[in-house]
Every structure is written in structure tokens, then in C-alpha cells.
Amino acid sequence: MDWQQIGLIEDIPRQGSRVVRTSSGEIALFRSVDDKVFALNNKCPHKGGPLSQGIVHGNRVTCPLHNWVIDLESGVAVAPDVGCAHRHEVRVAHGVVFLEVKAGACKAA
Ligand code: FES
């Protein structure tokens, strides 16, 4: 596994996000109100909207462009919409966020 140290969980606002630029493109790190951290490509499966600018609610984010709702754990769009954003593994150790960047397509696509 190739884990990259990203920074502190405190650098990601609760119910917000932070964008990390990688060789695989922009990845949005989301932090839920209960401090879970998720990572998805910063591209909505609908028309590529910036998910990082969406509203985080529970373990989901609503895209700012046309309001698709994306599950942050899986990257899958909530029905009736269909599609998914590629997700990446994240872990948090002692307040430090690590990200495993892997290129590839969404598993549910
Ligand atoms: S681009 Fe995200 S809902 Fe349309």
C-alpha cells in the first residue's frame, strides 16, 4: 500500500472538505460531523461538478451543480440517480490523515 500523509484532520472542516491535487487528479477529502473522513475524486458522476463544494450531510454529499446525492463511503450516487465517483482509502492515526491514491474507475460503474 502506498499511503500519503495529507495533513491533520483539523485541517478539514467538519461537514466540509479539502482538495488534494495528486497525479491521479483532484481528490476531495470530506469530514463528517462525527469526524469520519472519506476521499472521492473531485468529480461528480453526473457532469463532473466539484463535489468538494457540495454540502456534506451524514455520510453523503450533495453536488452543488444539480443536487445529485453521493454516498461518501462507496462513491455511489443515491437512487434514482445512477453512477459513482471513484473512492480512495483513507485512514486517520493520531489526528493525521493518510490517503491511498489509486487510479482506476469507480467499482460500481
Ligand atoms: S454535475 Fe453533479 S449533479 Fe450534475
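Refer to the structure above for everything that follows.
Here the structure is a predicted model, which is why all the values come from computation and not from measurement. (Residues numbered from 1 in each chain as written. Predicted model: local features only at pLDDT ≥ 70, side-chain atom pairs only at ≥ 80, totals over all residues.)

**Student:** Just checking my understanding: could you explain the sheet that holds strand β6 (residues 60–62) for this structure?
**Tutor:** The strands making up a sheet associate through backbone hydrogen bonding, with each pair oriented either parallel or antiparallel. Pairing is antiparallel in the open sheet, where three strands are placed in the order β5-β6-β7. For this open sheet the edge positions go to β5 (55–57) and β7 (69–71), each flanked by a neighbour on one side alone. Put simply, the sheet's adjacent strands are angled 25 degrees from each other on average, direction ignored. The pairing of β5 with β6 spans three bridges and is classified as antiparallel. Within the sheet, the bridge partner assigned to Val56 lies in β6 and is Val61. (Pairing = 2+ DSSP bridges. Helix = DSSP H or I, 4+ residues; strand = E, 2+ residues; numbered from the N terminus. Axes fitted to C-alpha atoms, helices over the stretch in contact; angles between N-to-C directions.)

**Student:** Mind showing me how you'd approach the nonpolar core here?
**Tutor:** Note on soluble globular proteins: their nonpolar side chains tend to be buried together. Membership of the largest hydrophobic core comes to 26 residues, with the highest contact counts inside it found for Leu29, Phe30, Ala39, Leu51 and Ile70. Listed by contribution, the elements that provide at least two residues to this core are β3 (25–31), β4 (37–41) and β9 (96–100). Among residues more than four places away in sequence, those in contact with Ala39 are Ile27, Ala28, Leu29, Arg87, His88, Val90 and Leu99. (Core = buried A, V, L, I, M, F, W, Y, C linked by C-beta atoms within 7 Å. Buried ≥ 20, exposed ≤ 12 C-beta atoms within 10 Å, placed from the backbone. Contact = placed C-beta atoms within 7 Å.)

**Student:** Just to check I follow, could you spell out the sheet that holds strand β8 (residues 87–93) for this structure?
**Tutor:** Taken in spatial order, the six strands make up an open sheet running β1-β9-β8-β4-β3-β2, and their pairing is antiparallel. What marks the edges here is a single partner per strand, and that holds for β1 (3–8) and β2 (16–22). Averaged over neighbouring strand pairs, the angle between their axes works out to 30 degrees when direction is ignored. Where β8 and β9 come together, five bridges link them in antiparallel fashion. When the bridges of β9 are listed, Glu89 appears paired with Glu100.

**Student:** For this particular structure, what's the right way to read unusual backbone geometry?
**Tutor:** Negative phi is the rule for most residues except glycine; trans is the rule for most peptide bonds. Note that the residue after Ala79, namely Pro80, is joined by a cis bond; omega there is 15 degrees. Within the element layout of this structure, Pro80 appears in the loop between β7 and β8. Phi at Gln15 is positive, roughly 60 degrees, even though this residue is not glycine. Of note, Gln15 is situated in the loop between β1 and β2. Of note, the phi angle at Asp35 is positive, near 65 degrees, even though the residue is not glycine. Judged by C-beta crowding, with 12 C-beta atoms within 10 Å, Asp35 ranks as exposed.

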